[in-house]
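Listed here are the chains, written in short residue letters.
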Amino acid sequence: MIKYEKTAERYYEMKKILIVDDNRLNIIAAKNVLNDIYSVSSVTSGEQALEFLNSESCDLILLDINMPDMDGFEVFEKLRISDSVKDIPVIFLTADNDANTETHCFDCGAIDFIAKPFVPAVMRSRISRVLE
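Residues numbered from 1 in each chain as written. Predicted model: local features only at pLDDT ≥ 70, side-chain atom pairs only at ≥ 80, totals over all residues. Heavy atoms only, no water.

### Considerations on the pairing of strand β7 (residues 112-115)
Where strand β6 (residues 90-94) lies against β7, four bridges are found, and the strand directions are parallel. Bridge pairing links Ile 91 to Asp 112 in β7. (Pairing = 2+ DSSP bridges. Helix = DSSP H or I, 4+ residues; strand = E, 2+ residues; numbered from the N terminus.)

### Describing helix α2 (residues 46-55)
Turning to α2, its buried residues are Gly 46, Ala 49, Leu 50, Phe 52 and Leu 53. Viewed along the axis of α2, the buried residues span an arc of 160°, placing them on a single side of the element. What points out from α2, more than 90 degrees from its buried face, is the exposed set Asn 54 and Ser 55. Those residues of α2 hidden inside the fold are in contact with β3 (16-20), β4 (39-43), β5 (60-64) and α3 (72-80). (Buried < 20%, exposed > 50% of the residue type's maximum accessible area, 1.4 Å probe, protein only. Arc of directions from axis to C-beta. Contact = heavy atoms within 4.5 Å.)

### A closer look at the nonpolar core
Residues Leu 18, Val 20, Leu 53, Ile 61, Leu 63, Leu 79 and Phe 92 are the most contacted members of the largest nonpolar core, which totals 24 residues. Once residues lying within four places of it in the same chain are set aside, the contact partners of Leu 79 are Leu 50, Leu 53, Ile 61, Val 85, Lys 86 and Val 90. Counting 18 residues, the second-largest nonpolar core is a separate cluster that includes Ala 30, Tyr 38, Ile 91 and Ile 114. (Core = buried A, V, L, I, M, F, W, Y, C linked by side-chain atoms within 4.5 Å.)

### Here we look at the packing of aromatic side chains
In this structure the tally under the stated criterion is two aromatic pairs. Ring geometry for Phe 73 against Phe 92: centres 5.0 Å apart, planes inclined by 55°, an arrangement best described as tilted. Pair noted here: Phe 73 is in helix α3 and Phe 92 is in strand β6, with a separation of 19 residues, a long-range link. Residue Phe 73 is classed as buried on the basis of its relative accessible area, which comes to 13%. (Phe/Tyr/Trp six-rings, centres within 6.5 Å; stacked < 30°, edge-to-face > 60°.)

### A look at the confidence of the model for the chain
When pLDDT is averaged along the chain, the result is 90; 91% of the residues meet or exceed 70. Element-level pLDDT for the chain is lowest in strand β1 (residues 4-7), with a mean of 55, against a maximum mean of 98 in β3. (pLDDT = per-residue confidence, 0-100.)

### Examining the pattern of salt bridges
With the rule as written, the count across this model stands at six salt bridges. With a shortest N-O distance of 2.8 Å, Asp 36 and Arg 124 are connected by a salt bridge. Of the two residues, Asp 36 is situated in the loop between α1 (24-34) and β4 and Arg 124 in helix α5 (residues 120-131); the sequence distance between them amounts to 88 residues. A salt bridge links Asp 112 to Arg 129, with the nearest nitrogen and oxygen atoms 2.6 Å apart. In this pair, Asp 112 sits in strand β7 while Arg 129 sits in helix α5, placing the two residues 17 residues apart along the sequence. Since its relative accessible area comes to 5%, Asp 112 is described here as buried. Judged by relative accessible area, Arg 129 falls into the partly exposed class, the value being 47%. Here the salt bridges share partners, and the residues they tie into one network are Asp 21, Asp 64 and Lys 116. (Salt bridge = Lys/Arg side-chain N within 4 Å of Asp/Glu carboxyl O.)

Below, the structure written as C-alpha cells:
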C-alpha cells in the first residue's frame, strides 16, 4: 500500500522505511514516531528483511544490530552485495552505544547510528537528514 500525503493541495508519495528489529516493542515505538511522516514496514529478523527486499522497495532501513541468528552487521553485508538494494541507506539501531560499536557501524558503511532507547525528536531529525 502506498501512502500519500496532501500538502498545499498537492500529493506526494511518502518515503518508505523498513524497520528490522527482533523486539516488537521497539518496532511499535518507532512506528508511533514515524507513521505520520513515512510509510513504515517492519520485520523481526535479518532473514525476513532480505526476503522483504526481494519483492519490496524502501528508501531507508533502520537496522537493529543485536538480533538472534543473523545480526545487523551480517544483514548489512548481505545488503551490500545485492545490486538491487546496495544503495539503500542504513541507520543502525542498538542499545549498545559504546564508541567501538558506533565506530564499527560507520566503518561498515552505515549512514548513521541511533542509540536505543531512542529519543523521538532525534530519530526523526536523523532520518529526515538522510532522506533529504
